[in-house]
Number of protein chains: 2
Amino acid sequence: MSAQTHREPEGSLLIAWQLKGKNVLIVGGGEVASGRIQHVLDAGAAITLVSPADGLHTLTKSFIESSDRITYHDREFNPSDLDGVDMVLTAIDDVVVSRDIGIRSRTLRIPVNVADDPSYCDFYFGSQIRRGPLQIMVSTNGKGPKLASLIRQRIEEAVPQGAGEAIEKVGLLRERLKERAPGVGGGIGRRRMQWMINLCTTWEMDDLARLDDEQMERMLVEGWEKNIVLSPEEVRVHGSRVRSVENN
Amino acid sequence: MSAQTHREPEGSLLIAWQLKGKNVLIVGGGEVASGRIQHVLDAGAAITLVSPADGLHTLTKSFIESSDRITYHDREFNPSDLDGVDMVLTAIDDVVVSRDIGIRSRTLRIPVNVADDPSYCDFYFGSQIRRGPLQIMVSTNGKGPKLASLIRQRIEEAVPQGAGEAIEKVGLLRERLKERAPGVGGGIGRRRMQWMINLCTTWEMDDLARLDDEQMERMLVEGWEKNIVLSPEEVRVHGSRVRSVENN
């Protein structure tokens, strides 16, 4: 039935939330909380962690010890913990307390996730992959967490090894291109975009991942200026020629 | 350098935002806006769309005509459009107006995305896959949109055809299991979870996708009750036996 309807509104809106320099309150310190801590640290936020010390998971302890972005309080949740907070994540066993935190957060319009209690959540987490700037999330909208994790494994095998590094290099090259050929929108913007697309579609990801500083310069000087995309072979062969001349 | 540091804080927090029954304001009606409309409708929200009619993309027009969840206003943005709104997405060319919408939304603590203007965004979008309840997002944190789309294509090839249907069926089976063996947490919760994990790891996704109503019942009666997971062959062979007896 659902496969035949035009739209299936049972889904979520998948988004990449920006947390750099933000403050996240995490209530709870067990295994689930430790996973949340890792994701939030990876996203660049500061964390206020509230949990009695006897409930801390080993991983949570090591995060508290190793990160200077975690402020830890060895006690239960207190409503004033919500002051000045940009996001709230709870992962505690007490249903009454966690729902209370959920309701208070919503009243204050602070995005909130209450673990294991979907109706009190503004958002869910999914199964995740991270390779440098590349992030992938798999969500089954709560219907099959184990299958989500199996699908994540297949995706990890399918994504080229050099994908993260390739994205890093392409990002750098694009910045250098913008310096060389500045200007927003219009003809120059379109030409830059088309040149980057041609590069990304003709090069293998592993070749992009191996791009070095000197090769990027050559691609810009000898490629962009003539409005062509050099092949990996041209960039590398030429590179060794230049070097052998220098060596003589 | 970045590959050697322990944590890379340049990332985002990937989340599945819940929009069922929520109100989303979309300012703009061009191609980018039409993509936003599709994602938001898929997530179950109602949309208020504000854009002069002469700027509407063909896709946007068809969404306005076909969906009863879109309220369309043929005019420019007005600050009162933000009243009672749960999320704001802008996709217009006017930088001044879109930044103004971004700032107003933040002041009101309404999550906002301003297309092409990262510093005014609470969140970004990524390259997406949807198959029924399965949703996957690829984000390069703004560094390589073209590579994100190439990686999305590889993922689409790697995810088994029946994955969406398999998740749907596993979700149904889990609900029926909860009815048969109710109770929250503790021993029964762990036993249910372990049985579902055993099922998901021993069955191929395409076999899960083919599970029908009668077979689910058999898995519960003859599998769960004996604390075993029947194989696809056992479920199917047995099924034909039962049927042949009934036919006599």
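Owing to the predicted nature of the structure, the values given are computational and were not obtained by experimental measurement. (Residues numbered from 1 in each chain as written. Chains lettered and ligands numbered in written order. Predicted model: local features only at pLDDT ≥ 70, side-chain atom pairs only at ≥ 80, totals over all residues. Heavy atoms only, no water.)

1. Side note on the interface of chain A and chain B
Moving on, step 1. If you look at the interface, chain A gives 74 residues, while chain B gives 74 residues.
Moving on, step 2. Between chain A and chain B lies a buried interface of about 6,900 Å² when both sides are counted; carbon and sulfur atoms form 59% of it.
Moving on, step 3. Scanning the region where chain A abuts chain B turns up four salt bridges.
Moving on, step 4. The partner of A:E204 in a salt bridge is B:R154, and the shortest N-O contact between them spans 4.0 Å.
Moving on, step 5. Seen at the junction of chain A and chain B, the total is 32 residue pairs in polar contact (both at pLDDT 80 or more).
Moving on, step 6. Here the side of chain A that touches chain B takes eight residues from helix 4 (residues 145–158) of chain A, the largest share from any one element.
Moving on, step 7. Considered class by class, the residues forming the side of chain A that touches chain B number 41 nonpolar, 17 polar and 16 charged.
Moving on, step 8. Sheet analysis places strand 9 (residues 134–139) of chain A next to strand 9 (residues 134–139) of chain B, joined by five bridges and oriented antiparallel. Considered in strand 9 of chain B, the bridge of A:V138 is made with B:I136. (Contact = heavy atoms within 4.5 Å. Buried area = accessible area lost by both parts, 1.4 Å probe. Salt bridge = Lys/Arg side-chain N within 4 Å of Asp/Glu carboxyl O. Polar contact = N/O pair within 3.5 Å; in protein donor to acceptor, adjacent residues only side chain to side chain. Helix = DSSP H or I, 4+ residues; strand = E, 2+ residues; numbered from the N terminus. Nonpolar A, V, L, I, M, F, W, Y, C, P; charged D, E, K, R; others polar. Pairing = 2+ DSSP bridges.)

2. Points about the packing of helix 4 of chain A against helix 5 (residues 163–180) of chain B
Moving on, step 1. Taken N-terminus to C-terminus, the directions of helix 4 of chain A and helix 5 of chain B make an angle of 155°; their axes are 9 Å apart at the nearest point. Relative to helix 5 of chain B, helix 4 of chain A is oriented roughly antiparallel. Counting all contacts with helix 4 of chain A, which are made through A:P145, A:L147 and A:I151, the residues of helix 5 of chain B involved are B:A163, B:A166, B:I167, B:V170 and B:R174.
Moving on, step 2. Here the residues of the contact of helix 4 of chain A with helix 5 of chain B are counted per class, giving seven nonpolar, no polar and one charged. (Axes fitted to C-alpha atoms, helices over the stretch in contact; angles between N-to-C directions. Parallel < 35°, antiparallel > 145°, perpendicular 65-115°, else oblique.)

3. Observations concerning the environment of B:M196
Residue and element names in this part refer to chain B.
Moving on, step 1. If you trace the backbone, M196 turns up in helix 6 (residues 186–202).
Moving on, step 2. Once the C-alpha coordinates of M196 and E234 are considered, the two residues, 38 residues apart in sequence, prove to be 17 Å apart.
Moving on, step 3. Setting aside anything within four residues of it in sequence, one finds M196 in contact with V170, L173, R174 and L177.

4. Remarks on the packing of aromatic side chains
Moving on, step 1. If you walk through the whole model with that rule in mind, you get seven aromatic pairs over all chains.
Moving on, step 2. Here the aromatic rings of A:W17 and B:W17 are separated by 5.1 Å at their centres, their planes lie at 5°, and the arrangement is stacked. In this pair, A:W17 sits in strand 1 (residues 13–17) while B:W17 sits in strand 1 (residues 13–17), so the two residues belong to two different chains.
Moving on, step 3. According to the relative accessible area criterion, B:W17 is buried, its value standing at 6%.
Moving on, step 4. Relative to B:W224, the ring of B:W195 has its centre 5.8 Å away and its plane inclined at 80°; by these criteria the two rings are edge-to-face. Of this pair, B:W195 sits in helix 6 while B:W224 sits in the loop between helix 8 (213–223) and helix 9 (232–247); the two residues are 29 residues apart in sequence, bridging distant segments of the chain. B:W224 matches B:W195 in its accessibility class, with the two residues each being buried. (Phe/Tyr/Trp six-rings, centres within 6.5 Å; stacked < 30°, edge-to-face > 60°. Buried < 20%, exposed > 50% of the residue type's maximum accessible area, 1.4 Å probe, protein only.)

5. Notes on the domain arrangement of chain A
Moving on, step 1. Each domain of chain A was delimited in the assignment, giving domain 1 (23–125), domain 2 (127–159) and domain 3 (163–247).
Moving on, step 2. Between the C-alpha centres of domain 1 of chain A and domain 3 of chain A the distance comes to 43 Å. (Domains from an automatic or database assignment.)

6. Overview of the nonpolar core
Moving on, step 1. One finds A:I136, A:I151, A:I155, B:I136, B:I151 and B:I155 to be the most contacted residues of the largest nonpolar core, which totals 64 residues.
Moving on, step 2. Contact partners of B:I155, with chain neighbours within four places excluded, come to A:I136, A:I155, A:V159, B:I129, B:I136 and B:V138.
Moving on, step 3. A:I26, A:A45, A:I70 and B:L41 belong to the second largest nonpolar core, which has 44 residues in total. (Core = buried A, V, L, I, M, F, W, Y, C linked by side-chain atoms within 4.5 Å.)

7. Description of the sheet that holds strand 3 (residues 46–50) of chain B
All names here are of chain B.
Moving on, step 1. The strand order 4-3-2-5-6 describes an open sheet built from five strands, whose pairing is parallel. In this open sheet, the two edge strands, each paired with only one partner strand, are strand 4 (70–73) and strand 6 (112–114). Sheet twist, expressed as the average angle between the axes of neighbouring strands with direction ignored, equals 15°.
Moving on, step 2. Its contacts with the sheet place helix 3 (residues 95–107) against strand 2 (23–27), strand 5 (87–90) and strand 6, and it is angled at close to 165° to strand 6.

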